[in-house]
Amino acid sequence: ATLPLMEMADDLSNTILEIRRYEKNYLLAGHAEDFEESQRYTGQARAALGSMSAIARDGRARRTMTRLSEVLDLYQSRSAGLRPDSAGQQAAQQREDLRQAGKDLVDLSLELKNAERERTLLLVETLKRQLLISGVFIAVSGIVLALLLARKIQRALGTIVNATTAIGQGDFKTLPVPR
């Protein structure tokens, strides 16, 4: 589940960057379609978070996802009441609050993505180490087995050489049956 989770975290991070892009377009140009796209991407981010939460087992990742979901709710509520053509101190504060929530979204998504990447790399390193240890064990086992087999063959050949020598000297006794 580590690799799919890492891919999902990467997709979520890209989706959040799209949310921010459409937010900025909306605030600069005031086009309603930019706002709608931002909301659509927010829905995609929420769905991705739900999918990730269903397969995440790591406590740290789950906590980050919970925090990300909270900030996503905050971001969505702050963006809902925002109008690009609003002026005044309150509108400026609303925009700043939205930007901060958006920045928190990006930061949390990057934290989640990097944490999943680290877990995947750790898993790969563990698998490499296990593969190396297994390879060394198999090689040592093969060498030990070859040495034992060579020793058995040398013993049997030694018995045959001794029997041949005895026959050459005229001793025709029966060879002992090896175990």
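Further up the page is the structure itself.
Asks: Help me out: how do you make sense of the overall build of the chain in this one?
Replies: When helices and strands are counted, the chain shows four helices and zero strands. Counting from the amino terminus, helix and strand elements in the chain follow one another as α-α-α-α. Taken over 179 residues, the chain has a buried fraction of 27%. A separation threshold of at least 6 residues defines the contact pool for the chain, and within that pool the share at least 24 residues apart is 72%. For the chain, the accessible surface area stands at approximately 11900 Å², while carbon and sulfur atoms represent 60% of it. Looking at charge distribution, the chain has the averaged site of its 25 positive side-chain charges lying 13 Å from that of its 22 negative ones.

Asks: Before we go on, may I ask you to explain the nonpolar core in this structure?
Replies: As a rule of thumb, nonpolar side chains are buried together in soluble globular proteins. Formed by 27 residues in total, the largest nonpolar core has its most connected members in Leu-12, Ile-16, Met-65, Leu-68 and Leu-112. Elements that contribute at least two residues to this core include exactly α1 (2-29), α2 (32-55), α3 (59-80) and α4 (89-168). Apart from the residues within four sequence positions on either side, Ile-16 is in contact with Ala-45, Leu-68, Leu-105, Val-106 and Ser-109.

Asks: Even after reading the chapter, I still don't get α1, so can you show me in this structure?
Replies: Each α-helix winds once per 3.6 residues, and so residues spaced three or four apart point in a common direction. Here α1 spans 40 Å end to end across 28 residues, near enough to the 40 Å set by a 1.5 Å rise per residue. Directly beyond the C-terminal end of α1, a positive phi value near 75° is found at Gly-30.

Asks: How do you make sense of the packing of aromatic side chains when you look at a structure like this?
Replies: In this description, a pair of aromatic rings is defined by centroid distance and the angle of the planes. Applying the stated rule across the entire model yields two aromatic pairs. Between Tyr-22 and Tyr-41, the ring centres sit 5.7 Å apart and the planes meet at 20°, which makes this aromatic pair stacked. Within this pair, whereas Tyr-22 is found in helix α1, its partner Tyr-41 is found in helix α2, the two being separated by 19 residues in sequence. Under the relative-accessibility criterion, Tyr-22 is labelled buried at 14%. Of the residues examined, Tyr-41 reaches a relative accessible area of 15% and is grouped as buried.

Asks: Explanation requested: the packing of α1 against α2 in the structure shown.
Replies: How two helices pack is summed up by the angle between their axes together with the distance between the axes. Between α1 and α2, the least distance of the axes is 8 Å, while the angle of their chain directions is 160°. For the element pair α1 / α2, the angle class is roughly antiparallel. Crossing of α1 against α2: the hand is left-handed. Looking at the contact of α1 with α2, its residues break down into 15 nonpolar, six polar and four charged.

Asks: What exactly am I supposed to notice about α3 here?
Replies: Here α3 is 22 residues long and its end C-alpha atoms lie 32 Å apart, about the 32 Å a rise of 1.5 Å per residue gives. Residues Ala-61, Thr-64, Met-65, Leu-68, Val-71, Leu-72, Tyr-75 and Ser-79 constitute the buried set of α3. Buried residues along α3 cover an arc of 130° about the axis, so they all sit on one side. Against the buried residues of α3 lie α1, α2 and α4.

Criteria and cut-off values
Residues numbered from 1 in each chain as written. Predicted model: local features only at pLDDT ≥ 70, side-chain atom pairs only at ≥ 80, totals over all residues. Heavy atoms only, no water. Helix = DSSP H or I, 4+ residues; strand = E, 2+ residues; numbered from the N terminus. Buried < 20%, exposed > 50% of the residue type's maximum accessible area, 1.4 Å probe, protein only. Contact = heavy atoms within 4.5 Å. Areas by Shrake-Rupley, 256 points an atom, 1.4 Å probe, with all protein chains shown as cover. Lys, Arg positive; Asp, Glu negative; His and termini not counted. Charge placed at Lys NZ, Arg CZ, Asp CG, Glu CD. Core = buried A, V, L, I, M, F, W, Y, C linked by side-chain atoms within 4.5 Å. Expected span 1.5 Å × (residues − 1). Phe/Tyr/Trp six-rings, centres within 6.5 Å; stacked < 30°, edge-to-face > 60°. Axes fitted to C-alpha atoms, helices over the stretch in contact; angles between N-to-C directions. Parallel < 35°, antiparallel > 145°, perpendicular 65-115°, else oblique. Left-handed = near helix turned anticlockwise from the far one by under 90°. Nonpolar A, V, L, I, M, F, W, Y, C, P; charged D, E, K, R; others polar. Arc of directions from axis to C-beta.

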